[in-house]
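Secondary and tertiary structure notes
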Amino acid sequence: MIFHRLQCMRPRTIALAIVLAALLAPAGLAAQQRDTIRGRRPAATDTAAARRAAQQALGRDVSQADIIERLRQSGLSRAQVRARLQQAGYDPTLADRYFDMLEGRVPVDSTARSGGFATALSRIGLGVRTGLDSLDLATDTLPSDSSAATSKVFGRSLFTRAAGSQFDPVVTGPVDPGYRLGPGDQIGLVLSGDIEEAYTLDVTREGIVFIPDIGQINVNGLTLGGLEDVLYQRLARVYSGVTRGANATTRFHLTLGSLRTNQVFVIGEVERPGGYQISSVARVLNALYQAGGPTENGSFRRIEIHRGDRVVAQLDLYDYLLRGDARGDIRLEQNDRIFIPAAGPQVTMTGAVMRPAIFEMRPGETLTDALRFAGGLRPNAVVRRIQIDRILPASQRRPGVVRVVVDVDPATVVPGSPGAALQNGDVVRVFAVSEDIRNRLAVEGQVNNPGTYEWRPGMTLWSLIDRADGLEEQAYTPLAHIFRLNPADQTRRLVKTGLLADSAGRPLSDMALEDRDSVVIYSRAELSNRQTVEISGYVKNPGRYTFVEGGTPRDLILRAGGFLPGANLADAEVYRLPNPLVRNDTLALRLNVRLAAPEGVDRALVIEGGMPDLWSSEAVSTRLEPGDRIFIRRAPGYQMAGAVRITGEVTHPGAYVLPSRTERFADLVTRAGGITAEAYPDGIRVIREGRLVAADLARALRDRDDRNNILLEDGDSIAVPKYDPTVVVMGAVAFEAGVLFDRKHDLNWYLDQAGGTTVDADRSRITVTYPNGQRASVRKLFGVRRTPDVLPGSIITVPAKPADRTGTNWDQILSRTIAALSTVLTLVLVVQQSKT
């Protein structure tokens, strides 16, 4: 139908539709591209995009410590977090590493970032909060104390630094008489005297043990001492010798074998709440270690132990943590419940205290108790400067007044005083003394012992230098700097003075010093640029040397270790910098300095060590200047005799020394006794510095004046092969093969012997590599294709045509055409409808 309507349209209408499509389509595409570049969809809002960007930024900024803290606050166990991750489609083992850190098995890296795992936690409802989450530019808050921000709840580290298994109760050794027996225990009964027997008695589920000849005894709930009283009664009925006292003829002894396990429950504000199987000798602290201890919100002062329908004990962990008092740590029984309520009022102790942390306070406890919990004041604490940052109770708040600062009366901190009252949420800051040190002087730079010294009234600059063990050799004495403090505004001003002394070492001038002066004595070497001279060429240790006044070329040569063999002892070149204040085209001045005296030149060339026997006057009198460069050249006639190696089919293969600079290939072959009868002259090769020298060496053997009779160089290697009657065909052929040489056939015949060329073979680039390394390729002359000759040992290489990697994408062209045509047709229909 669309094509039918096109046929009915006027050509002018179709042209107008095409123009409109060309104008409108790019605008729409450009707008869509702009939205794509800006990261928004057509219906999305900037707020949503900003929220997504903020979430990504927070994910990248989450540290391992943030994640561990969130896992601790969640109260979920490892198994619960793993189950949630698996339900959300994540690898459940991701949580193991962080729970190992939480339990103290793996150290926490405070600098590592874990944005990926933080995102997974957010998906399962455990979003990690960071400092950016609470950012609110509209609020006006007091600057937080850095130590308060990093304070932790006191006592938490005891449960997080090590695994609970390290605090399991000791189940070996004797058990105290107060131990209560129950199902699962194993009792050892030993009778001695008139009768010798030993029994191992297992306590049944009903709490009963059976003793042969005695019968059943209910031991459930009995202590070892109580069981001993029962056994005196029951055993005396059967064994008359069992009595108390020294007259007994039969005695018995009780021991415990394997101990039972009790199930207890740790609930409330605990890291890993649940039921735990613990030893029957375990106490409350053992169970708390297994459960990870109280959470950040859990109480450390009011831990309740429920047994049946009553509270049998209440444990204050501060007694254990501060004094090591574990009297409240009772032994647990079957089905006991340890309940940790929410923490009571908490205060934060920061600043100059021994143990900054968050402490839980009980009713009636004051600032004096909080200081005791914090280990007392540090030596640098200022008792008269203790402040409390307090959040006002709701009843005392006024608009704009929520937090206040309260200065603590120093009298309330004195031992024996009642102490200042504290409120929940208080942050106590104990200020430290100033870091500023008085009665001191500082000296640095070119003295033998720089550092800080005591200032005393009347001290002078030279007395301070004497206390610092005097000046160093490189001290710059014309001027020293004293930086003096201005007490009015705490700035410093510069005082200049000299350090000059007379010939007897007495100071020519001195200056009185004031408290907190800083003296700086500079170094001549540091103030000046290092002046050098340089030597290179035929010396043993070429390089750059420090310039010394009065140095000559002979001195510098000696500092460089002397000459190398082959050095030109006649003269040396010295290049000197021109006057830097004058600009011209000259960059260096060249001087020729004769090294050996004319009458000693011949003798100097052969003496041991390469040093001249007689130095010239120029070598010993020419003064070097800073920046001079000396070049020691090689003697014109000095050259080490080179060596070459010849191998293969010659009469005497091996290494040969080059006797002259004009030694050629044919000369060496003659010295090696000539080639053998099995040699293949057309395949002789010369390798120079790892590369093949392409030359027709067979022609050089026939004519020594031929240009292929090349000059030999040090390190050349000559290989004379045996005759090879095969021709190798490789590359884009049906199969690579070695073909026996036949002088009657050309290149095409060898290609046919290899199955012919393949479809992708490029016959216009076929090459023939001859045994001597030379190459020839197919050529066209006046439209006629000429093939190179083939010799024995040749390699024929047929390359493949380059693949066409820019093929036409007809699917893409067709889809674009259909899309453009649809746009045009739509516009044409709109134009027609508008006319009707």
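The structure reproduced in this document is the subject of the present report. (Residues numbered from 1 in each chain as written. Predicted model: local features only at pLDDT ≥ 70, side-chain atom pairs only at ≥ 80, totals over all residues. Heavy atoms only, no water.)

1. Observations regarding the overall build of the protein
Applicable threshold: The numbering of helices and of strands both runs from the N terminus, where a helix is a DSSP run of H or I of at least 4 residues and a strand a run of E of at least 2. Residue burial is assigned from relative accessible area. The probe radius is 1.4 Å, only protein chains are included, and a residue is buried under 20% of its type maximum, exposed over 50%, and partly exposed in between. Contacts were defined at the residue level, with two residues in contact if any of their heavy atoms lie within 4.5 Å. Per-residue and other accessible areas follow the Shrake-Rupley method at a 1.4 Å probe size, with only the shown protein chains counted as cover for residues.
A count of helical and extended segments in the protein gives 22 helices and 37 strands. Taking all 836 residues of the protein together, 37% fall into the buried category. For the protein, the share of sequence-separated contacts (at least 6 apart) that also reach a separation of at least 24 residues comes to 61%. For the protein, the exposed surface amounts to about 49,100 Å²; the carbon and sulfur share of it is 52%.

2. Focus: the sheet that holds strand β13 (residues 381-391)
To keep it simple, the criterion reads: Criterion used throughout: strands pair if DSSP finds at least two bridges between them. The axes used here are C-alpha line fits, helices contributing only the stretch in contact, and every angle between their N-to-C directions lies in the interval 0 to 180 degrees.
Pairing is mixed across the open sheet formed by 5 strands, whose spatial order is β12-β11-β15-β13-β14. A single partner strand is all that each edge strand has here, and the edge strands are β12 (357-360) and β14 (403-407). The sheet shows a mean angle of 25 degrees between the axes of neighbouring strands, taken without regard to direction.

3. A closer look at unusual backbone geometry
Residues other than glycine seldom take positive phi values, yet N335 does so here, at roughly 70 degrees. Mapping N335 onto the fold places it in the loop between α12 (317-323) and β10 (337-340). According to the relative accessible area criterion, N335 is partly exposed, its value standing at 40%. Of note in the backbone geometry, R516 takes a positive phi value of approximately 70 degrees without being a glycine. Looking at where R516 falls in the secondary structure, it is placed in the loop between β19 (491-497) and β20 (518-521).

4. Comments concerning the pattern of salt bridges
Two side chains with opposite charge may pair up if their charged atoms get near one another. We count it as follows: Here a salt bridge means any side-chain nitrogen of Lys or Arg lying within 4 Å of a carboxyl oxygen belonging to Asp or Glu.
For the structure shown, the criterion picks out 33 salt bridges. We note a salt bridge from R260 to E333, for which the minimum N-O separation is 3.6 Å. Of this pair, R260 sits in the loop between β5 (250-256) and β6 (261-268) while E333 sits in the loop between α12 and β10, and the two are 73 residues apart along the sequence. Here the two residues R260 and E333 agree in accessibility, since each one is buried. Among the ionic pairs, R403 bridges to D389, the shortest N-O distance being 2.3 Å. Of this pair, R403 sits in strand β14 while D389 sits in strand β13, placing them 14 residues apart in sequence. For R403, a relative accessible area of 40% gives the class partly exposed. One salt-bridge network, held together by shared partners, links R301, D316, R362 and E365.

5. Some remarks on the packing of helix α4 (residues 64-74) against helix α6 (residues 94-102)
Where we set the bar: For classification, angles of less than 35 degrees are called roughly parallel, those exceeding 145 degrees roughly antiparallel, those between 65 and 115 degrees roughly perpendicular, and all remaining angles oblique. Ten residue types, Ala, Val, Leu, Ile, Met, Phe, Trp, Tyr, Cys and Pro, are classed as nonpolar, four, Asp, Glu, Lys and Arg, as charged, and the remainder, Gly among them, as polar.
Between α4 and α6, the least distance of the axes is 10 Å, while the angle of their chain directions is 80 degrees. What the angle tells us is that α4 and α6 run roughly perpendicular. Where α4 approaches α6, its residues Q64, I67, I68, L71 and R72 are matched on the opposing element by R97, Y98, F99, M101 and L102. Tallied by class, residues from the contact of α4 with α6 come to 7 nonpolar, 1 polar and 2 charged.

6. Focus: the nonpolar core
The line we're drawing: We define the nonpolar core as a collection of buried residues of types Ala, Val, Leu, Ile, Met, Phe, Trp, Tyr and Cys that are connected through side-chain atoms lying within 4.5 Å of one another.
Counting 47 residues, the largest nonpolar core has L288, M349, F359 and L367 as the members making the most contacts within it. With 5 residues, helix α11 (residues 284-290) is the largest single contributor of residues to this core. Beyond its immediate sequence surroundings of up to four residues, L367 is in contact with M349, V408, V413, A420, L422 and V428. Formed by 25 residues, the second largest nonpolar core is a distinct cluster that contains L189, L191, Y199 and L235.

7. Notes on the packing of aromatic side chains
The relation between two aromatic rings is expressed through the spacing of the ring centres and the mutual angle of the planes. Using the following cut-off: Put simply, two rings from Phe, Tyr or Trp (the six-membered ring, in Trp's case) pair if the centres are within 6.5 Å, and we call them stacked under 30 degrees between planes, edge-to-face over 60, tilted for the rest. For a Lys NZ or an Arg CZ to count as sitting over a ring, it must be within 6 Å of the ring centre and within 35 degrees of the ring normal.
Scanning the entire structure with this criterion turns up 11 aromatic pairs. Ring centres of F154 and F359 lie 5.1 Å apart, and the angle between their planes is 40 degrees; this geometry places the pair in the tilted category. Pair noted here: F154 is in the loop between α8 (146-150) and α9 (156-160) and F359 is in strand β12, with a separation of 205 residues, a long-range link. Overall, the relative accessible area of 10% leaves F154 in the buried class. Classification of F359 as buried rests on a relative accessible area of 0%. Their ring planes at 45 degrees and their centres at 5.2 Å tell us that F159 and Y289 sit as a pair that is tilted. Within this pair, whereas F159 is found in helix α9, its partner Y289 is found in helix α11, the two being separated by 130 residues in sequence. The same class applies to F159 as to Y289, namely buried. Sitting over the face of the ring of F431, R385 holds its NZ or CZ atom 3.9 Å from the ring centroid.

8. With respect to the environment of G376
Counting through the fold element by element, G376 comes out in the loop between α13 (367-373) and β13. With 24 residues separating them along the chain, G376 and A352 place their C-alpha atoms 9.0 Å apart. If sequence neighbours within four positions are ignored, G376 has contacts with V353, M354 and L371.

9. Here we look at the pairing of β20
Burial along β20 is two-sided: S518 and V520 facing one way and V519 and I521 facing the other are all buried. When strand β16 (residues 440-445) meets β20, the two strands line up parallel, connected through 4 bridges. Paired with G445 across the strands is I521, a residue of β20. Relative to β20, strand β18 (residues 480-486) runs antiparallel, the two sharing 3 bridges. The residue of β20 that forms the bridge with I482 is V519.

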